[in-house]
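Each chain, letter by letter, is given below.
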Amino acid sequence: DDYAKEILHLLSGYFLEKKLKEKAEPYLKQLVANYEKSVRQEDLPAEQRVEQIVLIGEIYNDLDEYEQAVRWLNQSLKSMKTVEEGRKKWQLRILREKGFALFKLDQHNNALAANLKVLYLDQSLSDQQKYDLNLRIASSYVKLKRNKEAKAIYSKMLNNFEDKNRRKEVEALLENLM
């Protein structure tokens, strides 16, 4: 069963990386079905249950089923209370996924709350993750008509990111706010 899950993860990950979401979809749906069945098992250790519930939320994000993602990620926050160690690790991972889903659902106040926590607390983010997260935060500010805060994020991004393409994108977004 674990071997099957690993194969499904590899196949879906491969297709998602190649930007072939439609080919990844059947594997992702099978993963969700397997994990949903697994988390119902009474003898599943708490840490594993939380991990699998988080994975279900992440997979629903990959499937663009954001309401389901939020539902499962909320469940993982509740289940996290049963886990002794690694709470911060789980909390940040859950908030990262939940912020993304809420952003996609245009729930910008809630998305901002989650995304700002991740931005300030998660030291493990890659440059690309930080960049994408900053873009989502600034975009949420714009959608909430808080242009001053959006400008501050964009200005900070210009100071923090050296890549020319990223800088051009941020400069264009900043110019649109002027």
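Note that the structure is predicted; figures quoted are calculated from it, not measured.

1. Some words on the overall build of the chain
Stage number 1. When you go through the chain residue by residue, the secondary structure sums to 9 helices and 0 strands.
Stage number 2. Dimensions of the chain along its principal axes, counting C-alpha atoms only, are 55 × 35 × 25 Å.
Stage number 3. For the chain, the proportion of its 178 residues judged to be buried stands at 42%.
Stage number 4. Summing over all exposed atoms, the chain offers an accessible surface of approximately 10700 Å²; the carbon and sulfur share of this is 48%.
Stage number 5. Taking the average location of the 32 positive side-chain charges in the chain and that of its 29 negative ones, the two points are 5 Å from each other.

2. Some details on the packing of helix H1 (residues 2-17) against helix H2 (residues 21-39)
Stage number 1. Axis separation between H1 and H2 bottoms out at 8 Å; the angle between their running directions is 150°. Between H1 and H2, the interaxial angle falls into the category roughly antiparallel. Note on packing geometry: the crossing formed by H1 with H2 is left-handed. Seen from H1, the contacting residues are Lys 5, Leu 8, His 9, Leu 11, Ser 12, Phe 15 and Leu 16; seen from H2, they are Lys 21, Lys 23, Ala 24, Tyr 27, Leu 28, Gln 30, Leu 31, Asn 34, Tyr 35 and Ser 38.
Stage number 2. In terms of residue class, the contact of H1 with H2 is built from 9 nonpolar, 5 polar and 3 charged.

3. Comments concerning the pattern of salt bridges
Close approach of charged atoms lets side chains of opposite charge pair.
Stage number 1. Inspection of the entire model under this criterion finds 5 salt bridges.
Stage number 2. In this structure, Lys 21 engages Asp 64 in a salt bridge whose closest nitrogen and oxygen atoms are separated by 2.9 Å. Here Asp 64 lies in the loop between helix H3 (46-62) and helix H4 (66-79) and Lys 21 lies in helix H2, a separation of 43 residues in the sequence.
Stage number 3. In this structure, Asp 122 and Arg 96 form a salt bridge, with 2.4 Å as the shortest nitrogen-oxygen distance. One end of the pair, Asp 122, is in the loop between helix H6 (108-121) and helix H7 (127-143); the other, Arg 96, is in helix H5 (residues 87-104), with 26 residues separating them in the sequence. The pair Asp 122 / Arg 96 is uniform in exposure class, with both members buried.

4. Points about the environment of Leu 10
Stage number 1. The residue Leu 10 is located in helix H1 in this model.
Stage number 2. Judged by relative accessible area, Leu 10 falls into the exposed class, the value being 56%.

5. Let's talk about H1
Stage number 1. Look at H1: 22 Å from first C-alpha to last across 16 residues, which is about the 22 Å you get at 1.5 Å a residue.
Stage number 2. Taken together, the buried positions of H1 are occupied by Lys 5, Leu 8, Ser 12 and Phe 15. Looking down the long axis of H1, one finds its buried residues gathered within 100° of arc, a one-sided arrangement. Opposite its buried face, H1 presents the exposed residues Asp 2, Tyr 3, Leu 10 and Glu 17, each directed more than 90 degrees away.

6. Observations regarding the packing of aromatic side chains
Stage number 1. Applying the stated criterion to the full structure yields 4 aromatic pairs.
Stage number 2. On the numbers, 6.0 Å between centres and 10° between planes, the contact of Phe 15 with Tyr 27 is stacked. Separated by 12 residues along the polypeptide, Phe 15 in helix H1 and Tyr 27 in helix H2 bring together distant segments of the chain.
Stage number 3. Using a relative accessible area of 14% as the deciding quantity, one classes Phe 15 as buried.

7. A short note on H4
Since there are 3.6 residues in each turn of an α-helix, residues three or four apart along the chain are aligned in direction.
Stage number 1. Given a rise of 1.5 Å per residue, 14 residues ought to cover 20 Å, and the 20 Å separating the end C-alpha atoms of H4 matches this to within 8%.
Stage number 2. Every buried residue of H4 is accounted for by Tyr 66, Ala 69, Val 70, Trp 72, Leu 73, Ser 76 and Ser 79.
Stage number 3. Of the surrounding elements, those touching the buried residues of H4 are H2, H3 and H5.

Quick notes on the rules
Residues numbered from 1 in each chain as written. Predicted model: local features only at pLDDT ≥ 70, side-chain atom pairs only at ≥ 80, totals over all residues. Heavy atoms only, no water. Helix = DSSP H or I, 4+ residues; strand = E, 2+ residues; numbered from the N terminus. Buried < 20%, exposed > 50% of the residue type's maximum accessible area, 1.4 Å probe, protein only. Areas by Shrake-Rupley, 256 points an atom, 1.4 Å probe, with all protein chains shown as cover. Lys, Arg positive; Asp, Glu negative; His and termini not counted. Charge placed at Lys NZ, Arg CZ, Asp CG, Glu CD. Axes fitted to C-alpha atoms, helices over the stretch in contact; angles between N-to-C directions. Parallel < 35°, antiparallel > 145°, perpendicular 65-115°, else oblique. Left-handed = near helix turned anticlockwise from the far one by under 90°. Contact = heavy atoms within 4.5 Å. Nonpolar A, V, L, I, M, F, W, Y, C, P; charged D, E, K, R; others polar. Salt bridge = Lys/Arg side-chain N within 4 Å of Asp/Glu carboxyl O. Expected span 1.5 Å × (residues − 1). Arc of directions from axis to C-beta. Phe/Tyr/Trp six-rings, centres within 6.5 Å; stacked < 30°, edge-to-face > 60°.

Geometric descriptors of this kind do not, in isolation, establish any biological role.
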